[in-house]
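Architecture at a glance
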Amino acid sequence: MSELLRNIDARTRLAGTNKLEILLFSLGLDARTGRRETFGINVFKVREVMHTPPITAAPEMSASVKGLVSLRGALVPVVDLSDYIGVAQDTPHEIMIVTEYNHHTQGFLVDSVDTILRLDWAQMRVPPEMLTSGLGGLVTAITELEDGRLVMLLDVERILAETVKPNDSMLFDNIPHLQREDLAVLYADDSSVARGQIQRTLDAMGVRSISTVTGRAAWDELRRIADHAERTGRSVREFVQVILTDVEMPEMDGYLLTRNIKADPRFTGIPVLMHSSLSSMSNQQLGHSVGVDEYIPKFEPHRLSETLARLLLGKAVTPHVGDTAHAVEPAAVGHDLMPVVTGSSALLDSVDARTRLAGSNRMEILLFSLGTHEVFGINVFKVREVSQTPEITKTPNMPHGVEGLISLRGSVIPVLSLAAVMKLEAAPSGLGASMMVTEYSKRTLGFLVHDVDRIIRVDWEKVRAPDSVTSSTHGYITAITELADGRLVSILDVEQIMANTFGDAVIGQIDPMSDGDALNIFFVDDSGVARRKIAEVLDKLAVRHKHAQNGMEAWTRLSGMAAHAQQTGISVRDELDLILVDAEMPEMDGYVLTRNIKSDKRFDGIPVVMHSSLSSEANHAMGKSVGVDAYVAKFDADALSQTLRSQLLKHARNRGESIHGN
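In short, a report on the structure. All figures in this text were calculated on a predicted structure; none of them were measured in a lab. (Residues numbered from 1 in each chain as written. Predicted model: local features only at pLDDT ≥ 70, side-chain atom pairs only at ≥ 80, totals over all residues. Heavy atoms only, no water.)

1. Observations concerning the pattern of salt bridges
Overall, the coordinates contain 28 salt bridges when judged by the stated rule. Between Arg 180 and Asp 182 there is a salt bridge, with its nearest N and O atoms 2.8 Å apart. With a relative accessible area of 30%, Arg 180 lands in the partly exposed category. Across the pair Arg 224 and Asp 638 runs a salt bridge, and its minimum N-O distance is 3.9 Å. (Salt bridge = Lys/Arg side-chain N within 4 Å of Asp/Glu carboxyl O. Buried < 20%, exposed > 50% of the residue type's maximum accessible area, 1.4 Å probe, protein only.)

2. A closer look at the nonpolar core
The biggest cluster of nonpolar side chains holds 30 residues, and the ones touching the most others in it are Phe 25, Leu 27, Leu 81, Ile 85, Phe 108 and Ile 159. Apart from residues no more than four positions distant in its own chain, Ile 85 is found in contact with Leu 27, Phe 39, Leu 138, Leu 154 and Pro 396. One finds Leu 366, Phe 376, Leu 492 and Met 498 within the second-largest nonpolar core, a separate group that totals 29 residues. (Core = buried A, V, L, I, M, F, W, Y, C linked by side-chain atoms within 4.5 Å. Contact = heavy atoms within 4.5 Å.)

3. Notes on the side chain of Thr 201
As for its placement among the helices and strands, Thr 201 is situated in helix α4 (residues 192–205). Judged by relative accessible area, Thr 201 falls into the buried class, the value being 0%. Residues within four places of Thr 201 in sequence aside, it is in contact with Phe 172, Ile 175, Phe 299, Pro 301, Leu 304 and Ser 305. (Helix = DSSP H or I, 4+ residues; strand = E, 2+ residues; numbered from the N terminus.)

4. What to know about helix α6 (residues 254–263)
Within α6, 7 of the 10 residues are buried, which leaves it mostly tucked inside the rest of the structure. All of the buried residues along α6 are Gly 254, Tyr 255, Leu 256, Leu 257, Thr 258, Asn 260 and Ile 261.

5. Considering the pairing of strand β24 (residues 477–482)
Buried residues dominate β24, accounting for 5 of its 6 residues. Bridge count between β24 and strand β25 (residues 488–492): 5 bridges; the pairing is antiparallel. Of the residues in β25, the one forming a bridge with Ala 479 is Ile 491. Connecting β24 to the next strand, β25, in antiparallel fashion are 5 residues, including Gly 486 with a positive phi near 95 degrees. (Pairing = 2+ DSSP bridges.)

Right, here's the structure in full:
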């Protein structure tokens, strides 16, 4: 093992090349799953690998902290990773990885170490957002070995925060409060603990923040802001005043992110602050070589707040003279999932061609069973493929019902057991024989089911909202239809399942429309989750709104509004400024609803925006063919708010009114 980590400090030469080296290790055979998963830790954090020395148990420690060891005169806490993560083990671990992190040293007990793997950060993929949003997962990045195994990079900051539990209650006291809501910091860090600490600091300072998980996500967000600034004739510095970046991040590290920022003239004058646990002099020098304006170690909130205050309130930072860095486009991650079906090739052949049904008020649903007497269905539009249940990598800290992750043609996706998520006590044990790969709102995930039956075609008018019937899984059902033999088919509300399992999407800051209280929006969506998030966006825009729960209800209420307007001698346009419709809805879909609205002269001039998880070009084209004025993919709060704002302003101009967007 001495050769394994020889000259480890020399490996700092990798920093800035968007490469890293990770030490692979195992926690042994999990007695519950019968699998031996592979984990990784950045070599930068490893000081040595050794046989486990005698451990002295100490009172009042976390269950997974086995005690202390004396290591060259220093007392080092020892964490049993198997115990912490929940891997059932019968024998003690004989190997200890000694790590140094944020000036703290600790030992991690593992079953075995394998090798050191060198790879690009672009090969390190972020766990699916739905697993990291609000959950603070233990895995910050995932890569795939040549033999198909998934390697999970652990969030050391989170492990230490939950085991060693340093007392940080005093860290955020006496941070100077700037009271400057006009100032904003964009920050990027792949650790949920680090993001929480940064956010607490910024909240204490009283400045706005924009949070991203990776360097690539930060770069994409910065370019989006820059494009918006160009369109509106403003400077990027009006939207972001400081950029704060970690060093180690999947897909794009902090050095490459900084190089991209400094090479783009649109970000001239915006300081970049690097904030990292890699605090050696060589790392700091490398940071400055790519253009970093300040480099501070994690995690010292007072030093962080003082540095941020100086950069936010001080003079503009002049770019380094002679910088020759060039922007590097982030590598594309993942591939579109094609409808290649294993074992069910005829079942989903040419699934994209089924978009011809859109606008016909007809749908096709894939029928499946969860091993109970009930029949379930899912819209074929959402299904990308059906396969036998694959080998699943069990990952720690997963929410209930999430069995783990799989790698599917370059994409890492979570896999859910639908019976477990829906808490069907009558469902048989086991994972089920089949997996449906679904794509929804640009997210891909696998649903484990007992078996898959067939595809049926039905009229939306025969698909009823669930309010009028009883279902043991009512909360997860968006609609119900009846088969020829009298059996009911419960159609899944995928949005509700995702929200209950992974948490609601967080909606960021949206500037209100100053005359919003004079504007009225009517929206319709059959998903309770979608209605709640749409209402949140409209509330942030400060516009008035009403809603319906399906297409038929919407058309009935809209017709009533028009009839009332005629009776009172006013125009519907005086009471309604915009209509927002979903595409898939029971009893009447959004395409037929739009066609009805656009063919009724009483609604002339009122824009219709379609808001749907069906975001293919074919669906966009069908929306346009029935007259929608704009088409927005679910659920992008920024895109939705910008589209609504634009359509409302356009509607106001057509009416000859003066409505302000901000």
